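A closer look at the structure
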Amino acid sequence: VRPLILDCDPGHDDALAILLAVADPAVDLLAVTTVAGNQTVGKCTLNARRVLSLAGVTTVPVARGADRPLVRPLRIADDVHGGTGLDGPTFTDVPSVPESPSSAQELLVDVLRNPATIVATGALTNIARLLTEAPDAAANITEIVWMGGSTDRGNIAPLAEANAYVDPEAADVVVRSGIPFTMCGLNVTHQALVTDDVLARLARIGSPLAQVCGEWMTFFASTYRELFGFESPPLHDPVAVARVIDPAIVHCVEANLVVETEGRWTAGATVVDLDGYTGRPPNALVAVGLDRDAFWDRILDAVTTLSVC
Ligand code: BDR
Ligand code: CA
């Protein structure tokens, strides 16, 4: 069972990533840290607490991280995730899971007294800061698996995926750190589509949690249809969690990866040398394929497990 930290910006797909990470028996979720991205870090932190509260999980601390990228102004994705960052069902109560009194940096240092894998499903600001501010803790990161980037085009700029675009400087620092790094980009997450069949399977679970997940996915589908013309929305973030749970679900190849930070039109582009043009040695694993059936089985199993708790 792999010890895991989830660094995220919930976010509809982050919400499902949390549920998968907390429920799947192959990983032991030790902490959730939040970062500004899809929404302000305050809203993302509230959403992480909401997700864990709905799942009845009180044992995983939630700590607030960076409120802005390393050097750029924050660009939120309220067009995709709504004004709360997790639009769909409305809640009036305060989530029962509290915010940790520790900051994300403090919690990361604490948890990383022992080796752990980090799955990051937002901008890499918290991790980049940890590398510079707490190198001893960072030395205990076994691997970083990131939902971000793309081997081809972007989703917020022609050549940049949103998590890379929000904080390219952080992504650059983390990719160059030498810590084993896996990138699960849009080229693969666009295969994780929440189809009607998936929604029907979710509905059949029949629990309040499954109902809320269905409502989140319905909202997410509506913005993806409107903004990007997708018939079904791509559930990006759980792909990175699935890669840790069972590497066979997400097929990866070794490649050289660099993050563009200076391009006038291309900041946040993830340049993946799949064909060996540059002669630079591989420095990352890059996702190129998804076992869709196995992926959805794990997600639906997670929601089912949490529904009977
Ligand atoms: C990524 O951007 C965010 O909006 C999603 O949560 C996901 O992490 C996809 O580009
Ligand atoms: Ca995210």
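This is a predicted model, so every value here is computed, not measured.

1. A closer look at the overall build of the protein chain
- Counting its regular elements, the protein chain contains 13 helices and 9 strands.
- In terms of C-alpha radius of gyration, the protein chain reaches 18 Å, essentially the compact-globule figure of 19 Å for 309 residues.
- If one aligns the C-alpha atoms of the protein chain with their principal axes, the spans along those axes are about 55 × 40 × 35 Å.
- In the protein chain, buried positions account for 53% of the 309 residues.
- Looking at the protein chain alone, contacts between residues at least 24 apart form 81% of all its contacts between residues at least 6 apart.

2. Things to note about the packing of helix α5 (residues 125-133) against helix α8 (residues 168-175)
- The geometry of α5 relative to α8 is characterised by a closest axis approach of 8 Å and an angle of 50 degrees between their N-to-C directions. Accordingly, the angle class assigned to the pair α5 and α8 is oblique. Taken as a pair, α5 and α8 cross one another with a handedness that is left-handed. On α8, the residues touching Thr125, Ile127, Ala128 and Leu131 of α5 are Ala170, Val173 and Val174.

3. Some thoughts on the environment of alanine 157
- With respect to the secondary-structure elements, alanine 157 resides in the loop between β5 (141-147) and α7 (162-166).
- The spacing of alanine 157 and alanine 269 is 112 residues in sequence and 8.8 Å in space, taken between C-alpha atoms.
- For alanine 157, the residues in contact, after removing those within four places along its chain, are Tyr165 and Gly268.

4. Some words on helix α4 (residues 104-111)
- If you check which residues of α4 are buried, you get Ala104, Leu107, Leu108 and Val111. End-on, the buried residues of α4 take up no more than an arc of 100 degrees, which puts them together on one face.
- Turning to α4, the residues buried within the fold contact β1 (2-8), β2 (27-34), β3 (62-64), β4 (116-120), α5 and α6 (135-138).

5. A short note on the site of ligand 1
- Near ligand 1 lie 15 residues; those nearest to it are Gly11, Asp13, Ala77, Ala162 and His236.
- Elements that contribute at least two residues to the shell around ligand 1 include exactly α1 (12-23) and α7.
- Taken together, the residues that form the shell around ligand 1 break down as 4 nonpolar, 7 polar and 4 charged.

6. So, the packing of helix α10 (residues 196-205) against helix α13 (residues 292-307)
- Axis separation between α10 and α13 bottoms out at 10 Å; the angle between their running directions is 20 degrees. By the angle between their axes, α10 is roughly parallel relative to α13. Our pair here, α10 against α13, has a crossing hand that is right-handed. Judged by residue contacts, Val198, Arg201, Leu202 and Ile205 of α10 engage Trp296, Leu300, Val303, Thr304 and Ser307 from α13.
- Per-class residue counts for the contact of α10 with α13 are 6 nonpolar, 2 polar and 1 charged.

7. Concerning the sheet that holds strand β8 (residues 270-273)
- The strand order β3-β2-β1-β4-β5-β6-β9-β7-β8 describes an open sheet built from 9 strands, whose pairing is mixed. A single partner strand is all that each edge strand has here, and the edge strands are β3 and β8. When the angles between neighbouring strand axes are averaged without regard to direction, this sheet yields 30 degrees.
- Of the pairings in the sheet, the one linking β5 to strand β6 (residues 181-184) comprises 4 bridges and is parallel in character. Bridge pairing in β6 links tryptophan 146 to methionine 183.
- Along the sheet, α4 contacts β1, β2, β3 and β4; its crossing angle with β2, the most-contacted strand, is approximately 155 degrees.

8. Quick word on the UniProt feature "domain: Inosine/uridine-preferring nucleoside hydrolase" (unreviewed entry) in the protein chain
- Under the UniProt annotation, the feature "domain: Inosine/uridine-preferring nucleoside hydrolase" (unreviewed entry) is placed at residues 4-297.
- Here residues 4-297 runs as 38% helix and 18% strand, with 20 Å between its end C-alpha atoms.

Rules used in this analysis
- Residues numbered from 1 in each chain as written.
- Chains lettered and ligands numbered in written order.
- Predicted model: local features only at pLDDT ≥ 70, side-chain atom pairs only at ≥ 80, totals over all residues.
- Helix = DSSP H or I, 4+ residues; strand = E, 2+ residues; numbered from the N terminus.
- Rg over C-alpha atoms; globule rule 2.2 N^0.38 Å.
- Buried ≥ 20, exposed ≤ 12 C-beta atoms within 10 Å, placed from the backbone.
- Contact = placed C-beta atoms within 7 Å.
- Axes fitted to C-alpha atoms, helices over the stretch in contact; angles between N-to-C directions.
- Parallel < 35°, antiparallel > 145°, perpendicular 65-115°, else oblique.
- Left-handed = near helix turned anticlockwise from the far one by under 90°.
- Arc of directions from axis to C-beta.
- Near = placed C-beta within 6 Å.
- Nonpolar A, V, L, I, M, F, W, Y, C, P; charged D, E, K, R; others polar.
- Pairing = 2+ DSSP bridges.
- UniProt positions renumbered as here; feature names shortened; annotations may be inferred.

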